[in-house]
Amino acid sequence: MIRRPALSSRLAPFGTTIFTEMTRLAEEHGAVNLAQGFPDFDGPEFAREAAVEAIRGGLGQYARMAGLPDLVRALSLKYERDYGLFYDPMAEITVTSGATETLFAAIHGITEPGDEIVLFEPYYDSYRASVAMAGAVPRFVALEAPDFRFGEGALLEACSEKTRAILVNSPHNPTGRVFSREELEAIARVAEERDLYVITDEVYEHLVYEGRHIPFATLPGMRERTILISSFGKTFSLTGWKIGWACAPPALSAAVRAAHQFVTFATATPLQKGAAVALSTGPAFYEGLTREYRERRDFLVGALREIGFDVTAPEGTYFACARFGAFGFDDDVAFARHLVSKIGVAVIPPSVFYEHTEKGKGYVRFAFCKKRETLERGIDRLRSLTRI
Ligand code: PMP
Ligand code: GLN
């Protein structure tokens, strides 16, 4: 009989991700799934056709380790066209299996065991687990409700002699915040003063509803210390393709590749080909995407307010956070459980994205990357909530 636990102590605290858990509960209860952030509609046909053609055309073997040449070239052109940010396609862009892998590879590529990484809380859940798997130590800066802003003083305080990097996510999951230029400049000052690397998670770069996305690497002096991470899945509504990438100067790219080569080595070749074709589309595609998501956002936020939620329209992403005190609950997990089992709508309880879980207890996260009819069905069900 085996008497030792199978699971390592590094991973034991994390359990099963909330996304898997809530989607399972949604299926079990026949609930409308406004929890896990994946579209319930398909991505553009031209991208899917390009991938099918690549499969038919025999692109069935391993791709170049750091990314299919067609894709890294398309990415290089995209960053130059969209933001005036030039990355050498071969030396400075690395394709991975989703931004989740990029984040893992970036953290593992640049940290020694015991190094500290500064995270803003609430944080996307894989950060905390990747930091733990690397044997690094997280430090936290709170984005304080209700406006989810941080002070430069708090950021400085979170940094020590051991700090290696700050991980910045803007547009931010789960709050929907888009950091202002002033906030990004504050991060840049701290990075410069303490000589830190900055890992930026910009997977929602094309879902910004007010103004335009500012890649952190475009701030003066920041390109050389930034690993810019983004993903194909959000922008092209094809989350299942799992294609992500890192753009960074050669030494930082080499660090990301050093890990990536032993995690997946290379990413699915025909899907990279499809992504290359998709990423070659012009700005009109992104404008259409933002317009459609703005409509979904406005519909959801307006309807949630009518029902009695206290909700601010998110500046970016496809998530809206709503306070639910009007319904007599004061705990996000209890309220999420009530919604999925009694009302028939699945949401995410955000306290799981906090080290200090009490800070996330007062609101839940709705995903609006869903068809209008799905959102309407969810809203109809939420109307049966009773106010106190
Ligand atoms: N970062 C954030 C903030 C996310 O919300 C997600 C969601 N999927 C990811 C990274 C992971 O992206 P991917 O699906 O490309 O791994
Ligand atoms: N990023 C998605 C979300 O926040 C989920 C990704 C996943 O399930 N791993 O809902």
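Note that this is a predicted model, so its numbers are computed, not measured. (Residues numbered from 1 in each chain as written. Chains lettered and ligands numbered in written order. Predicted model: local features only at pLDDT ≥ 70, side-chain atom pairs only at ≥ 80, totals over all residues. Heavy atoms only, no water.)

**Examining the site of ligand 1**
Right, so step 1: Close to ligand 1 lie 13 residues; Thr100, Asp201, Tyr204, Ser231 and Lys234 are nearest.
Right, so step 2: Note that an oxygen atom of ligand 1 is positioned 2.6 Å from one of the side-chain N or O atoms of Thr100.
Right, so step 3: Measuring from an oxygen atom of ligand 1, one finds a side-chain N or O atom of Asn173 at 2.8 Å.
Right, so step 4: In isolation ligand 1 offers 390 Å² of accessible surface; the protein chains occlude 92% of this area.
Right, so step 5: Top contributing element to the shell around ligand 1 by residue count: helix α5 (residues 98–110), with 3 residues.
Right, so step 6: Looking at the shell around ligand 1, its residues break down into 5 nonpolar, 5 polar and 3 charged. (Near = heavy atom within 4 Å. Polar contact = N/O pair within 3.5 Å; in protein donor to acceptor, adjacent residues only side chain to side chain. Areas by Shrake-Rupley, 256 points an atom, 1.4 Å probe, with all protein chains shown as cover. Helix = DSSP H or I, 4+ residues; strand = E, 2+ residues; numbered from the N terminus. Nonpolar A, V, L, I, M, F, W, Y, C, P; charged D, E, K, R; others polar.)

**A closer look at helix α11 (residues 269–279)**
Right, so step 1: Among the 11 residues in α11, 8 count as buried, and that is most of the element.
Right, so step 2: Buried residues of α11: Thr269, Pro270, Gln272, Gly274, Ala275, Ala276, Ala278 and Leu279, and no others. (Buried < 20%, exposed > 50% of the residue type's maximum accessible area, 1.4 Å probe, protein only.)

**A closer look at the sheet that holds strand β4 (residues 137–142)**
Right, so step 1: Overall, mixed pairing links the 7 strands, which are arranged β2-β8-β7-β6-β5-β3-β4 in an open sheet. Strand pairing shows two members of the sheet lacking a second neighbour, β2 (93–96) and β4, which therefore form its edges. If you compare each strand with its neighbour and ignore which way they point, the axes differ by 20° on average.
Right, so step 2: Where strand β3 (residues 116–121) lies against strand β5 (residues 163–169), 4 bridges are found, and the strand directions are parallel. Residue pairing in the sheet places Leu119 in a bridge with Leu167 of β5.
Right, so step 3: Here helix α6 (residues 125–133) sits on the sheet and contacts β3, β4, β5 and β6 (197–201); the angle it forms with β4, its principal contact strand, is near 150°. (Pairing = 2+ DSSP bridges. Axes fitted to C-alpha atoms, helices over the stretch in contact; angles between N-to-C directions. Contact = heavy atoms within 4.5 Å.)

**A word on the side chain of Thr102**
Right, so step 1: Tracing the sequence through the fold places Thr102 in helix α5.
Right, so step 2: For Thr102, a relative accessible area of 0% gives the class buried.
Right, so step 3: For Thr102, the side chain forms a polar contact with the side chain of Thr96, separated by 2.6 Å.
Right, so step 4: Those residues in contact with Thr102 that sit more than four places away from it in its chain are Thr96, Ile229, Gly244, Trp245 and Ala246.

**A closer look at the site of ligand 2**
Right, so step 1: Near ligand 2 the following residues occur: Phe19, Gln36, Gly37, Tyr124, Asn173, Tyr204, Lys234, Phe319 and Arg365.
Right, so step 2: The separation between an oxygen atom of ligand 2 and a polar side-chain atom of Asn173 is 2.9 Å.
Right, so step 3: Between Lys234 and ligand 2, the recorded distance is 3.5 Å, taken from a side-chain N or O atom to a nitrogen atom.
Right, so step 4: Coverage of ligand 2 by the protein amounts to 80% of the 300 Å² it exposes when considered alone.
Right, so step 5: Residue classes in the shell around ligand 2 are distributed as 4 nonpolar, 3 polar and 2 charged.

**Remarks on the environment of Arg387**
Right, so step 1: Structurally, the position occupied by Arg387 is in the segment after α14 (372–382).
Right, so step 2: Given a relative accessible area of 52%, Arg387 falls into the exposed group.
Right, so step 3: When the C-alpha atoms of Arg387 and Ala326 are compared, they prove to be 5.5 Å apart, with 61 residues separating the residues in sequence.
Right, so step 4: Residues contacting Arg387, with those up to four places away along its chain left out, are Glu306, Ile307, Gly308, Ala326 and Phe327.
Right, so step 5: Of the polar contacts made by the side chain of Arg387, one reaches the backbone oxygen of Glu306; its length is 3.3 Å.
Right, so step 6: A polar atom in the side chain of Arg387 sits 3.3 Å from the backbone oxygen of Ile307.

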